[in-house]
Amino acid sequence: GAVVSQHPSRVICKSGTSVKIECRSLDFQATTMFWYRQFPKQSLMLMATSNEGSKATYEQGVEKDKFLINHASLTLSTLTVTSAHPEDSSFYICSARDLGGGYTGELFFGEGSRLTVL
Amino acid sequence: AQSVTQLDSHVSVSEGTPVLLRCNYSSSYSPSLFWYVQHPNKGLQLLLKYTSAATLVKGINGFEAEFKKSETSFHLTKPSAHMSDAAEYFCVVSDQNFNKFYFGSGTKLNVKP
């Protein structure tokens, strides 16, 4: 199946700093990527849909100025958590769809990024 | 609107015994349904998917699921649990164009030796 690489897998930062998380599709082009946040022992919460070459679409309640998403190429989307605070500590996961021939809808997920804000 | 309900937050089985993880969906049209597995601190891996073909879907690692329209269910089963199956499992339904995916709350599977 298609491979999605997410980096870094773990990051610890001080409160007030910004952190960038990268999501790359390694063997396919992803015009759309999805960013999720997962709280402990909970399901995935869709934060935003990242579209190549255009602005991301944010879900209700997600601060777009807080969580900056850039999808500059067909294989890379980035999520920047700006002025991070301890309540932003979470597990962030990206996913992408491979719209190549034979596409049947599944999402391919990155390995996730554990953000800890001190 | 689409939604997914996973009826059990935790399921515990003994190694070698059958696994049943329940999922019911709500959809205003013929849905596409997926089961994903997540091991601790990892991303999600696709187990299997239903996209309007055969109602009994076979996936990886011996898992299968049956789409039952009359019961609006898509339960995940495995004849014999293995210790490595211990993980969190998510049932997912998508909209018609695969633009939005709706996740169930997850079921944590514990496998006892």
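Presented here is an overview of the structure given in this document. Owing to the predicted nature of the structure, the values given are computational and were not obtained by experimental measurement.

### Some points on the packing of aromatic side chains
Residues and elements named next belong to chain B.
1) Next: Within the structure shown, the criterion is met by 14 aromatic pairs over all chains.
2) Next: Relative to Phe103, the ring of Phe90 lies with its centre 6.4 Å away and its plane at 75°, an arrangement referred to as edge-to-face. Of this pair, Phe90 sits in strand β10 (residues 87-94) while Phe103 sits in strand β11 (residues 101-103), and the two are 13 residues apart along the sequence. For the pair Phe90 and Phe103, a shared accessibility class is recorded, and that class is buried.

### Looking at the pattern of salt bridges
1) Next: Counted by the stated rule, this structure contains seven salt bridges over all chains.
2) Next: Two residues, Arg24 of chain A and Glu22 of chain A, come together in a salt bridge whose shortest N-O distance is 3.5 Å.
3) Next: On the accessibility criterion, Arg24 of chain A (35% relative accessible area) is partly exposed.
4) Next: Accessibility expressed as a relative area gives 24% for Glu22 of chain A, which makes it partly exposed.
5) Next: Between Glu59 of chain A and Lys100 of chain B there is a salt bridge, with its nearest N and O atoms 2.8 Å apart.

### Observations regarding the side chain of Thr32 of chain A
Residues and elements named next belong to chain A.
1) Next: Its location among the elements puts Thr32 in strand β4 (residues 32-38).
2) Next: The buried category is assigned to Thr32, whose relative accessible area is 8%.
3) Next: A distance of 3.3 Å separates polar atoms of two side chains, one belonging to Thr32 and the other to Arg97.
4) Next: Excluding residues within four positions of it along the chain, Thr32 makes contact with Thr49, Ser50, Asn51, His71, Ser95, Ala96 and Arg97.

Conventions we followed
- Residues numbered from 1 in each chain as written.
- Chains lettered and ligands numbered in written order.
- Predicted model: local features only at pLDDT ≥ 70, side-chain atom pairs only at ≥ 80, totals over all residues.
- Heavy atoms only, no water.
- Phe/Tyr/Trp six-rings, centres within 6.5 Å; stacked < 30°, edge-to-face > 60°.
- Helix = DSSP H or I, 4+ residues; strand = E, 2+ residues; numbered from the N terminus.
- Buried < 20%, exposed > 50% of the residue type's maximum accessible area, 1.4 Å probe, protein only.
- Salt bridge = Lys/Arg side-chain N within 4 Å of Asp/Glu carboxyl O.
- Polar contact = N/O pair within 3.5 Å; in protein donor to acceptor, adjacent residues only side chain to side chain.
- Contact = heavy atoms within 4.5 Å.

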